[in-house]
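What follows is the residue order along each chain.
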Amino acid sequence: MLKALLRKQLMELLSSMTRGSKKSNKKLTYIVLLVCLVMFGFIFFGLSQTLYDSFVPLGLLWLYFAVLGGISVISGIIGSVFSTYSMLYQAKDNELLLSMPIKPSIILFVRMISVYIMCFIFQIVVIIPAFIVYFMNNALTVQGVFALLTAIFVLPMMTLVLSCILGYLIALLASKLKNTNAVITVIYVLFLGLYLYCYTQMSSLIAAILSNAQQIGGFIKTFLYPLYLFGCGAKGDALSLALFVLIAFAVFALIYAIISHSFLKLATTKKGITQKAYREKSIKASSPFRALLRKEMKKFVSSPIYMFNCGIGSVMLVVVLIFGAINADVISKLTLLLNKDVFSLIACGGIMLISAVNYITAPSISLEGKNIWIVKSLPVLPWQIFEAKIALHLIITLPAVFIASLGFSYILKFSAFECIAVLLCCALFVLLCALWGLYINLKLPKLDYVSEAVVIKQSMSTFLGMFVPWAYIMLAAALYFITGNILDETVFLMCITAITLILCFVFYRSLKTKGAERFNSL
Amino acid sequence: MLKIVGLTKTYGEKKAADNINLHINKGEIYGFIGHNGAGKTTTIKAVCGILQFDEGEIYIDGVSIKNDPVKCKSKLAYIPDNPDLYDFMTGIQYLNFVGDVFEVGADKRKALIKKYSDIFEMTENLSQLISSYSHGMKQKLAIIAAFIHEPKLIIMDEPFVGLDPKASYTLKQMMREVCDNGGAIFFSTHVLEVAEKLCDNIAIIKNGQIIKCGTMEQVKGDASLENVFLEMEVETNNA
């Protein structure tokens, strides 16, 4: 039975990545994933090298492993926490599985395996480079390999435990309070704030770790003892490693026991709904477009996981602008030191990069799910349905893009022409992202999802929905370095705007023709 | 009102609908019966423009669904067997959404919503989220949504599943009312007694093919529809 459930869970996880793909495309999907993991691995390889060079001369090899272990745990939590609650407690097959002769604790265990796999993927990009750096400077020993395997397979258990505790607390709160979505939203906002704070302080945090190695070491020994054990174990102390493994399994068993005790209750809780009798009000008729847009908007705001994964870019743009405004003096000095004109490109690239974090259209077709019959049976063209989805993307993203563009134009003292060029380029890029997201989701839809988190966070269409626009910006940057001496910055920006406009038109045509056909065949 | 000509739909090697021909006139209630997997839902979904088909033509009030799907859809309403509606909307929000898309005027819409939600005793629940509805309530809401834009043709897939006896009775009356006013109804059902009492015409489908169709008298003669249906099943199995 456990085997069957595990198979189902793995199929669910894999199908979220490759659904709708042909066999050859599936291979490509895995290759793209691998390339991304390797890219992130390179970033952490650089960090590992820096930490290794700083800690080892001080005789703090254990701290090197402990710090990177800690970073990998944080990376795993960031990657999994937003979906843990929905994966554990809100899966659509809850009732189906609970009606079968399966212990709820087994269902929970299998769901936890999914979270474990997510943690595992997010953590290996940190852990493997850390050990590569270690093995580059030290001989490859059996003990070292054993420590590596422990780090790869046991460390994610710690992350899983922390992620599950958070998911459990959210579920507990949601079961006690009436407005679940508001509760989850507040928790997500708090977590997002913490995440953004850590992210903006990353370089100073690393610098602080490097300059206060001894104190940090003392702190880890006292308050984060399992990490200390992990560090010592990875360094070569077999007893510490064994103790770490023991603690990891014990903590996992304890948390599993606590969560499984209340799993059935939390997964099946339906809060009493206050009977609010309907009172007839005057009805205001609106156009089909507005009705479809309103429907998209309602879907967006009713799902915290959709809102925060796909709309986070708008918040980040405003935060970055505030950060820029606070540090306006430093930026002004920088403009004096460097070629001032290049700042319009940097600002534009930065705004585009952050705005692409909003991938609202990329899961929008999949999110129709079993309700897709409704829009398909309505007397509207597929393009009208697409229009509403694109409009939602623009409504959520464009205001923040405009505010950021105008704000940075003011801070960086752009000329009116530069300001318009940045605005235009960013706005068209947002439109391109919206069109691309829809295009790729039509190619790779997943309508039979079990959890929204799977579609929003783990599907190939959302992955490509965000990373392909990023690749486009990188390509534009590379183009600038090639043609930098030939073209003026603003002219270059206008060229990119023109290319973006052409691409928008290409995707618009494709969506209207092939996209509509594809939608009809879903 | 509805003309299906040579409809064929294939899934891989299996023909879910194999050269189906049906003609439903104004004022007719047309029943569609067959065992599970016979091709009823495939045919119904093709008629509603939800499913693309390989061969044949479907005309709604003389308009080809292939050539002008929007015009066809504006004339029909579809009630699925499993009413998966938007859980994130309230009942009234869903009805207004449908009303807006079908461009039903505000006053007319208000009156129709009141009329049908009163009939199905749903008025009190319209401000609740659909996620809090039972299966039957969702089914009632789907029916109300289908009726508020006054379609000429109503396509229903197992419409009585999940409805309480009173709602079933009300729906049957409403179906007759639609036909009396010049509309037409095409619906699938497994409840043969209902089909026998309600339908003017009936079609029996098996393995994607219509094995018998016509008026109720032509199809069943003096026997009961249940007997005719079961005998046909045996005959075609032996053939």
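Residues numbered from 1 in each chain as written. Chains lettered and ligands numbered in written order. Predicted model: local features only at pLDDT ≥ 70, side-chain atom pairs only at ≥ 80, totals over all residues. Heavy atoms only, no water.

Moving on to the overall build of chain B. If you tally the helices and strands in chain B, you get nine helices and 10 strands. Taking 239 residues into account, the globule formula puts the C-alpha radius of gyration at 18 Å, and chain B, at 18 Å, falls close to it. For chain B, the spread of C-alpha atoms along the three principal axes comes to 55 × 40 × 35 Å. Buried positions account for 57% of the 239 residues belonging to chain B. Sequence-distant contacts in chain B: of pairs separated by 6 or more residues, those separated by 24 or more amount to 67%. When the accessible surface of chain B is summed, it comes to about 9700 Å², and 47% of that surface belongs to carbon and sulfur atoms. Side-chain charges in chain B split into 26 positive and 32 negative, and the spacing between the mean points of these groups amounts to 4 Å. (Helix = DSSP H or I, 4+ residues; strand = E, 2+ residues; numbered from the N terminus. Rg over C-alpha atoms; globule rule 2.2 N^0.38 Å. Buried < 20%, exposed > 50% of the residue type's maximum accessible area, 1.4 Å probe, protein only. Contact = heavy atoms within 4.5 Å. Areas by Shrake-Rupley, 256 points an atom, 1.4 Å probe, with all protein chains shown as cover. Lys, Arg positive; Asp, Glu negative; His and termini not counted. Charge placed at Lys NZ, Arg CZ, Asp CG, Glu CD.)

On to the overall build of chain A. For chain A, the helix and strand inventory stands at 23 helices and zero strands. Taking 24 Å as the expected radius of gyration for a compact globule of 522 residues, we find that chain A reaches 25 Å, a close match to that expectation. On the principal axes, the C-alpha backbone points of chain A span a range of 70 × 65 × 45 Å. Taking all 522 residues of chain A together, 53% fall into the buried category. Across chain A, the fraction of contacts at a sequence separation of at least 24, relative to all contacts at a separation of at least 6, is 85%. Of the roughly 24500 Å² of accessible surface on chain A, 73% is carried by carbon and sulfur atoms. Averaging the coordinates of the 40 positive side-chain charges in chain A and doing the same for the 17 negative ones gives two points 11 Å apart.

We now examine the domain arrangement of chain A. All names here are of chain A. In terms of domain boundaries, chain A breaks down into domain 1 (2–9 + 32–268) and domain 2 (288–521). Between the C-alpha centres of domain 1 and domain 2 there is a distance of 31 Å. Opposite the 21 residues of domain 1 that make contact, domain 2 presents 20 residues. Here domain 1 and domain 2 share an interface that buries about 1700 Å² over both sides, 79% of which is from carbon and sulfur atoms. Counting across the interface, domain 1 meets domain 2 through zero salt bridges. Across the domain 1-domain 2 interface, the total number found is zero residue pairs in polar contact (both at pLDDT 80 or more). (Domains from an automatic or database assignment. Buried area = accessible area lost by both parts, 1.4 Å probe. Salt bridge = Lys/Arg side-chain N within 4 Å of Asp/Glu carboxyl O. Polar contact = N/O pair within 3.5 Å; in protein donor to acceptor, adjacent residues only side chain to side chain.)

Between side chains of opposite charge, pairing is possible as soon as their charged atoms come close. Residues and elements named next belong to chain B. A complete count under the given rule lists 18 salt bridges over all chains for this structure. A salt bridge links Lys75 to Asp61; its shortest N-O distance comes to 3.3 Å. Taken together, the residues Lys75 in helix α2 (residues 69–75) and Asp61 in the loop between β4 (55–60) and β5 (63–64) connect sequence positions 14 residues apart. Look at Asp61 and you get partly exposed, because its relative accessible area is 25%. Between Glu150 and Lys108 there is a salt bridge whose closest N-O contact spans 2.7 Å. Taken as a pair, Glu150 in the loop between α5 (135–147) and β7 (153–157) and Lys108 in helix α4 (residues 106–119) lie far apart in primary sequence, 42 residues in all.

Under the counting rule described, the total for this entry stands at 37 aromatic pairs over all chains. One aromatic cluster is present, built from ring pairs that chain together Tyr52(A), Tyr64(A), Phe65(A), Phe131(A), Tyr134(A) and Phe135(A). Against the face of Phe160(B) rests Lys172(B), its NZ or CZ located 5.8 Å from the ring centre. (Phe/Tyr/Trp six-rings, centres within 6.5 Å; stacked < 30°, edge-to-face > 60°. Lys NZ or Arg CZ within 6 Å of the ring centre and 35° of its normal.)

Time to look at the environment of Gly369(A). Residue and element names in this part refer to chain A. Structurally, Gly369 is set in the loop between α17 (342–355) and α18 (372–377). Taking the relative accessible area as the measure of exposure, Gly369 reaches 4% and is therefore buried. When the C-alpha atoms of Gly369 and Gly311 are compared, they prove to be 20 Å apart, with 58 residues separating the residues in sequence. Setting aside residues up to four positions removed in sequence, Gly369 forms contacts with Leu447 and Tyr449.

Listed by partner, the interface residues are 38 residues for chain A and 35 residues for chain B. A combined buried area of about 3400 Å² lies between chain A and chain B, and 64% of that area is made up of carbon and sulfur atoms. Considering only the surface of chain A that becomes buried against chain B, Tyr278(A), Ile283(A) and Trp373(A) emerge as the three largest contributors, covering 23% of it. Along the contact surface separating chain A from chain B lie one salt bridge. Between the two partners, chain A and chain B, sit six residue pairs in polar contact (both at pLDDT 80 or more). Listed by contribution, the elements that provide at least two residues to the side of chain A that touches chain B are α13 (288–302), α18 and α23 (489–521) of chain A. Here the side of chain A that touches chain B gets eight residues from one element, more than from any other, and that element is α13(A). When grouped by side-chain class, the residues that make up the side of chain A that touches chain B number 16 nonpolar, 10 polar and 12 charged. (Nonpolar A, V, L, I, M, F, W, Y, C, P; charged D, E, K, R; others polar.)

Glancing now at the pairing of β7(B). Residue and element names in this part refer to chain B. Of all five residues in β7, five are buried; the element is thus mostly enclosed. Because side chains alternate across β7, one face comprises the buried residues Leu153, Ile155 and Asp157, and the other comprises Ile154 and Met156, equally buried. In the sheet, strand β6 (residues 76–79) pairs with β7 via four bridges, with the strands oriented parallel. Each residue of the ladder has a partner; that of Leu76, found in β7, is Leu153. (Pairing = 2+ DSSP bridges.)

With that settled, consider the side chain of Ser127(B). Relative to the assigned elements, Ser127(B) resides in the loop between α4 and α5. Residues in contact with Ser127(B), not counting those within four places in the same chain, are Lys276(A), Ala277(A), Tyr278(A) and Thr90(B).

Let us look at the sheet that holds strand β8 (residues 184–188) of chain B. All names here are of chain B. Spatially, β6-β7-β8-β3-β9-β10 is the arrangement adopted by the six strands of the open sheet, whose pairing is mixed. Edge positions in the sheet fall to β6 and β10 (209–215), since each of these pairs with one other strand and no more. Strand-to-strand twist in this sheet, taken as the mean axis angle between neighbours without regard to direction, amounts to 15°. Taken together, the five bridges between β7 and β8 define a ladder with parallel strand orientation. (Axes fitted to C-alpha atoms, helices over the stretch in contact; angles between N-to-C directions.)

Let us now look at the pairing of β4(B). Residue and element names in this part refer to chain B. Sheet topology note: the strand β1 (residues 2–11)/β4 ladder contains five bridges and is antiparallel. Within β4, the residue paired with Lys3 across the bridge is Tyr59. As judged from the two bridges shared by β4 and β5, these two strands associate in the antiparallel manner. When the bridges of β5 are listed, Ile60 appears paired with Val63. Taken together, β4 and the strand that follows it, β5, pair antiparallel across an intervening segment of two residues, in which Asp61 is found at a positive phi of about 50°.

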